[in-house]
Amino acid sequence: MTQKELAYVEDAIGHENNIISILENEIENVEDDNLIDYLNDDISNHQDMLTELIELLEVGLWFFV
């Protein structure tokens, strides 16, 4: 993985973290249980993507060792 590709993965990790934070903040502001369930599902999906990106970053960093 090139340095540029690693930078893209790092940006994507930051993006996922931002989305998760926004969704968590929105949950605090809604009362509809169906919407809260939907937002929690969406958070779970973004956390899964975040985990995959972190694993990809860790694998990519091994190429520079």
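What you see is a predicted model, and the numbers here were worked out from it, not measured in a lab.

Visitor: Before we move on, could you go through the overall build of the chain and cite the residues and values that matter?
Guide: Each helix and strand in the chain was counted, giving 2 helices and 0 strands. In terms of overall size, the chain is more extended than a compact globule, its C-alpha atoms giving a radius of gyration of 15 Å where 65 residues would be expected to give roughly 11 Å. A total of 65 residues make up the chain; the buried ones form 25% of that total. The long-range share in the chain, meaning contacts at least 24 apart out of those at least 6 apart in sequence, stands at 65%. Entry remark: accessible area of the chain is about 4,900 Å², with carbon and sulfur atoms responsible for 52%.

Visitor: Give me the lowdown on a negative patch on the surface, citing residues and values where you can.
Guide: Among the surface-exposed residues, Asp32, Asp33, Asp37 and Asp41 lie close enough to one another that they form a single negatively charged patch. The topology assignment puts Asp41 in helix H2 (residues 33-62).

Visitor: Please give an account of the side chain of His46 that cites residues and values.
Guide: With respect to the element layout, His46 can be found in helix H2. Owing to a relative accessible area of 16%, His46 belongs among the buried residues under this scheme. Beyond its immediate sequence surroundings of up to four residues, His46 is in contact with Glu16, Ile19, Ile20 and Leu23.

Visitor: So what's going on with the nonpolar core? Residues and values would help.
Guide: Ranked by size, the top nonpolar core spans 13 residues in total, and within it Val9, Ile13, Leu23, Ile27, Ile43 and Leu57 carry the most contacts. At the level of secondary structure, the elements contributing two or more residues to this core comprise helix H1 (3-27) and H2. Here the element with the most residues in this core is H1; it accounts for 7 residues. Each residue touching Val9, except ones within four places of it in the same chain, is listed here: Met1, Leu53, Leu56 and Leu57.

Visitor: So what's going on with H1? Which residues, and what values?
Guide: Compared with an ideal rise of 1.5 Å per residue, which puts 25 residues at 36 Å, H1 spans 37 Å between its outermost C-alpha atoms and is within 8% of the ideal. Lining the buried residues of H1 we find H2.

Visitor: Now, about the environment of His15: what can you tell me, with residues and values included?
Guide: Relative to the elements of secondary structure, His15 occurs in helix H1. Separated by 35 residues in the primary sequence, His15 and Leu50 place their C-alpha atoms 9.1 Å from one another.

Thresholds, definitions, all that
- Residues numbered from 1 in each chain as written.
- Predicted model: local features only at pLDDT ≥ 70, side-chain atom pairs only at ≥ 80, totals over all residues.
- Heavy atoms only, no water.
- Helix = DSSP H or I, 4+ residues; strand = E, 2+ residues; numbered from the N terminus.
- Rg over C-alpha atoms; globule rule 2.2 N^0.38 Å.
- Buried < 20%, exposed > 50% of the residue type's maximum accessible area, 1.4 Å probe, protein only.
- Contact = heavy atoms within 4.5 Å.
- Areas by Shrake-Rupley, 256 points an atom, 1.4 Å probe, with all protein chains shown as cover.
- Patch = residues over 30% accessible without salt bridge, like charges linked within 9 Å, V, L, I, M, F, W, Y side chains within 5 Å.
- Salt bridge = Lys/Arg side-chain N within 4 Å of Asp/Glu carboxyl O.
- Lys, Arg positive; Asp, Glu negative; His and termini not counted.
- Charge placed at Lys NZ, Arg CZ, Asp CG, Glu CD.
- Core = buried A, V, L, I, M, F, W, Y, C linked by side-chain atoms within 4.5 Å.
- Expected span 1.5 Å × (residues − 1).

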